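# Geometric and topological summary
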Amino acid sequence: MIDKDKIKEIISLAFNVKIEDIKDTSNFIEDLGADSLCIAELIYNMEDHFKVKIPTEKIRKLKTVKDIMDYLGGNI
Amino acid sequence: MRKDIFNYELTVTLKDINMYGTVYFARYFEWQGVCRELYFTTLENYQAVFNDIALVTKYAWNDYKKQIHVFDQILIRVQNRNIKKTSFEMMFTYIDKKSGDVVSVGGETLIFMDKNGIILRIPDRITKELNKNIYVE
C-alpha cells in the first residue's frame, strides 16, 4: 500500500505548493504550476524515497498526481 | 586544492562602460559566466564531469546596489545555496575592493542536462563540493 500522504508531501516540496491544494486529479503543469525542472526534482525525490527507478520514457507519461500514485502502486 | 570560498577579481575597463560612464548591465552576467566556469575548473577532474553533461542556466538575476566606475577593482565572491537534487543557485557578491562595499548581488539557478535535454541529478561529487561553499549574506 503506497503512502498517498507522503506522495503529496513530496509533491508539495518539489512544486512549492500547499498540500491542501494537491488533489488526486491535479495536473502537474496546468493545476500545480510545475515546470520541467520541478517535475525532474519530483521524480528524483520519489525514486529516492520509494527506492524505485522510474524510466525516462515513463516519466513523460506521468502528468497527474494519480498517475504517480498508480505507477508507484504497481512498482513498489 | 580549491579554497572553500571562491573569489574572482577584475578591474572595470573602458569596454565595460557606456558614454555616461555606467557599466553595462549585461556585463555583470558575462562576469558571472566567467566566475562559474572558473569555479568548476577548481574541482578535481572537472573535465570528466562535464564530458557528457551540460551546465544550463534556468534563471538569472542581479540586484544592482551601487554604481561602479571605470578602473574600480571588484572582487566577486562565488557561493551556493538552495542545493537540490536537480538544481542549485550560484550566488555572486560583488565587492568594491577599495571601500569594501557590496555593490551588487546576483544569482543563477543552474541545472545539468544530458545531450538529449534530460534534466539530470547533480552528480554526488559536485553536490559535495557545492555544500562546502554555502552562501552567507
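Reference entry: report on the structure contained in this document. Everything numeric in this text was worked out from a predicted model, so none of it was measured.

### Describing the sheet that holds strand β1 (residues 6–11) of chain B
All names here are of chain B.
- Reading across the sheet, the 5 strands line up as β1-β3-β4-β5-β2 and stay open at both edges, with antiparallel pairing between neighbours. Since the sheet does not close on itself, it has two edges, and those belong to β1 and β2 (54–64), each with one partner. Neighbour-to-neighbour, the strand axes of the sheet open up by a mean angle of 25 degrees, direction not taken into account.
- Where strand β4 (residues 87–96) lies against strand β5 (residues 102–113), 9 bridges are found, and the strand directions are antiparallel. If you follow Met90 over to β5, its bridge partner there is Glu108.
- In the packing of helix α1 (residues 25–41) onto the sheet, the strands contacted are β1, β2, β3 (73–81), β4 and β5, and the crossing angle to β2 comes to about 135 degrees.

### Brief notes about helix α2 (residues 36–50) of chain A
- For α2(A), built from 15 residues, the straight-helix expectation of 21 Å at 1.5 Å per residue is met to within 8% by its first-to-last C-alpha distance of 21 Å.
- Across the 15 residues of α2(A), 11 count as buried, placing the element largely inside the fold.
- Taken residue by residue, α2(A) has Leu37(A), Cys38(A), Ile39(A), Ala40(A), Glu41(A), Leu42(A), Ile43(A), Tyr44(A), Met46(A), Glu47(A) and Phe50(A) as its buried positions.
- At its buried positions, α2(A) is contacted by α1 (4–15), α3 (56–59) and α4 (65–75) of chain A together with β2, β4 and β5 of chain B.
- Capping the start of α2(A), Asp35(A) holds a side-chain oxygen 3.2 Å from the backbone nitrogen of Leu37(A), two or three residues further along.
- Where α2(A) terminates, the next one or two residues include Lys51(A), which has phi positive at roughly 55 degrees.

### Some details on the interface of chain A and chain B
- At the junction of the two partners, chain A supplies 11 residues and chain B supplies 10 residues.
- The largest share of the area that chain A buries against chain B comes from Leu37(A), Glu41(A) and Tyr44(A), three residues that together contribute 60% of it.
- Remark: the boundary between chain A and chain B carries 4 salt bridges.
- In this structure, the connection of chain A to chain B is made through 8 residue pairs in polar contact (both at pLDDT 80 or more).
- Looking at the side of chain A that touches chain B element by element, the count peaks at 8 residues for α2(A).
- Grouping the constituent residues of the side of chain A that touches chain B by class yields 3 nonpolar, 3 polar and 5 charged.

### Details of the packing of α1(A) against α4(A)
Residue and element names in this part refer to chain A.
- The contact between α1 and α4 brings their axes to 11 Å, and the two run at 130 degrees. Taken together, the axes of α1 and α4 lie oblique to each other. Relative to α4, α1 is oriented so that their crossing is right-handed. Along the contact surface, α1 presents Lys4, Ile7, Lys8 and Ile11, while α4 presents Val65, Ile68, Met69 and Leu72.
- Along the lines of polarity and charge, the residues of the contact of α1 with α4 split into 6 nonpolar, no polar and 2 charged.

### Regarding the packing of aromatic side chains
- Evaluated as defined, the whole model comprises 8 aromatic pairs over all chains.
- Arranged with centres 5.4 Å apart and planes meeting at 80 degrees, the rings of Phe15(A) and Phe28(A) form a pair that is edge-to-face. With Phe15(A) in helix α1 and Phe28(A) in the loop between α1 and α2, this pair connects stretches of sequence that are 13 residues apart.
- On the basis of relative accessibility, which here comes to 7%, the residue Phe15(A) falls in the buried class.
- Aromatic side chains Tyr39(B) and Phe40(B) sit 5.5 Å apart centroid to centroid with 85 degrees between the ring planes, which places their arrangement in the edge-to-face category. Across the pair, Phe40(B) and Tyr39(B) agree in class, each one buried.
- Aromatic rings pair up to connect Phe6(B), Tyr39(B), Phe40(B) and Phe88(B) into one cluster.

Scoring rules and cut-offs
- Residues numbered from 1 in each chain as written.
- Chains lettered and ligands numbered in written order.
- Predicted model: local features only at pLDDT ≥ 70, side-chain atom pairs only at ≥ 80, totals over all residues.
- Heavy atoms only, no water.
- Pairing = 2+ DSSP bridges.
- Helix = DSSP H or I, 4+ residues; strand = E, 2+ residues; numbered from the N terminus.
- Axes fitted to C-alpha atoms, helices over the stretch in contact; angles between N-to-C directions.
- Contact = heavy atoms within 4.5 Å.
- Expected span 1.5 Å × (residues − 1).
- Buried < 20%, exposed > 50% of the residue type's maximum accessible area, 1.4 Å probe, protein only.
- Polar contact = N/O pair within 3.5 Å; in protein donor to acceptor, adjacent residues only side chain to side chain.
- Buried area = accessible area lost by both parts, 1.4 Å probe.
- Salt bridge = Lys/Arg side-chain N within 4 Å of Asp/Glu carboxyl O.
- Nonpolar A, V, L, I, M, F, W, Y, C, P; charged D, E, K, R; others polar.
- Parallel < 35°, antiparallel > 145°, perpendicular 65-115°, else oblique.
- Left-handed = near helix turned anticlockwise from the far one by under 90°.
- Phe/Tyr/Trp six-rings, centres within 6.5 Å; stacked < 30°, edge-to-face > 60°.

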